[in-house]
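Structural characterization, general
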Amino acid sequence: MPIPMEYQHASEEFERFLRLVVERTGLATRNQAYTTAQSVLLTFRRRLDVSEAIRFAGALPPVLRAIFVADWDMGEPPRPFSSREALTEEVRSLRRDHNFSPDSAIVDVAGALRACVDEAEFDRLLATLPPGAAEFWRVASPGSGFA
């Protein structure tokens with residue numbers, strides 16, 4: 001069997017994703033975009049149990065999948081979804097001195113991610129996750145918060 005295309009082109013797809021994050025956030029570098037994207041993925045992962053997180057990871061492109069599961073403390077209990085402001089502050093807490101994530105980081109990364117996945121399949125998956133998951137990845141209403 002040949003190597004699946006998603007693995008053959010994983011680096012190119014990741015670079016495309018980072019370019020989209022840079023464009024959407026207005027950040028200056030791909031390093032800044034990486035920190036923002038990693039922070040958003042980890043903030044979301046903290047709200048899922050292990051089986052939910054593995055299902056979510058399966059919907060991600062290969063490099064983002066690896067970032068999502070790397071250095072995971074699976075013993076940490078899932079956190080509740082909270083306000084957009086609190087979640088954004090959590091995004092900014094990773095490598096705080098080197099994190100330039102804007103207020104719109106979650107929405108910006110969501111938009112970049114949605115451009116790299118099958119959106120209908122992604123939305124079907126989100127509908128099976130805890131309340132707040134679909135809202136986290138929504139791009140239409142960036143000012144909305146969570147219950």
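I will try to describe carefully the structure that is included in this document. (Residues numbered from 1 in each chain as written. Predicted model: local features only at pLDDT ≥ 70, side-chain atom pairs only at ≥ 80, totals over all residues. Heavy atoms only, no water.)

Notes on the pattern of salt bridges
- Summed over the entire model, instances satisfying the criterion amount to 11 salt bridges.
- The shortest N-O distance in the salt bridge between Arg 79 and Glu 76 comes to 3.0 Å.
- Between Arg 79 and Glu 90 there is a salt bridge; the shortest N-O distance is 3.1 Å. Note that Arg 79 is positioned in the loop between helix 5 (62-69) and helix 6 (84-93) and Glu 90 in helix 6, a separation of 11 residues in sequence.
- The class for Arg 79 is partly exposed, based on a relative accessible area of 35%.
- Classification of Glu 90 as buried rests on a relative accessible area of 13%.
- The network of salt bridges with shared partners includes Arg 46, Arg 47, Glu 76, Arg 79 and Glu 90. (Salt bridge = Lys/Arg side-chain N within 4 Å of Asp/Glu carboxyl O. Helix = DSSP H or I, 4+ residues; strand = E, 2+ residues; numbered from the N terminus. Buried < 20%, exposed > 50% of the residue type's maximum accessible area, 1.4 Å probe, protein only.)

What to know about the packing of aromatic side chains
- Taken as a whole and judged by the stated rule, the model has 11 aromatic pairs.
- Note on Phe 44 and Phe 81: the rings are 6.0 Å apart at their centroids and 50° apart in plane angle, and the pair reads as tilted. Of this pair, Phe 44 sits in helix 3 (residues 30-45) while Phe 81 is found in the loop between helix 5 and helix 6, placing the two residues 37 residues apart along the sequence. Summarising the burial analysis for this pair, Phe 44 and Phe 81 share the class buried.
- Centre to centre, the rings of Phe 122 and Trp 137 are 6.1 Å apart; their planes meet at 75°, and the pair counts as edge-to-face. A residue pair is termed long-range when its members are at least 10 positions apart, and Phe 122 in helix 8 (residues 119-126) and Trp 137 in the segment after helix 9 (133-136) qualify at 15 residues.
- Taken together, Phe 44, Phe 56, Phe 68, Phe 81, Phe 122, Phe 136 and Trp 137 form an aromatic cluster joined through their ring pairs. (Phe/Tyr/Trp six-rings, centres within 6.5 Å; stacked < 30°, edge-to-face > 60°.)

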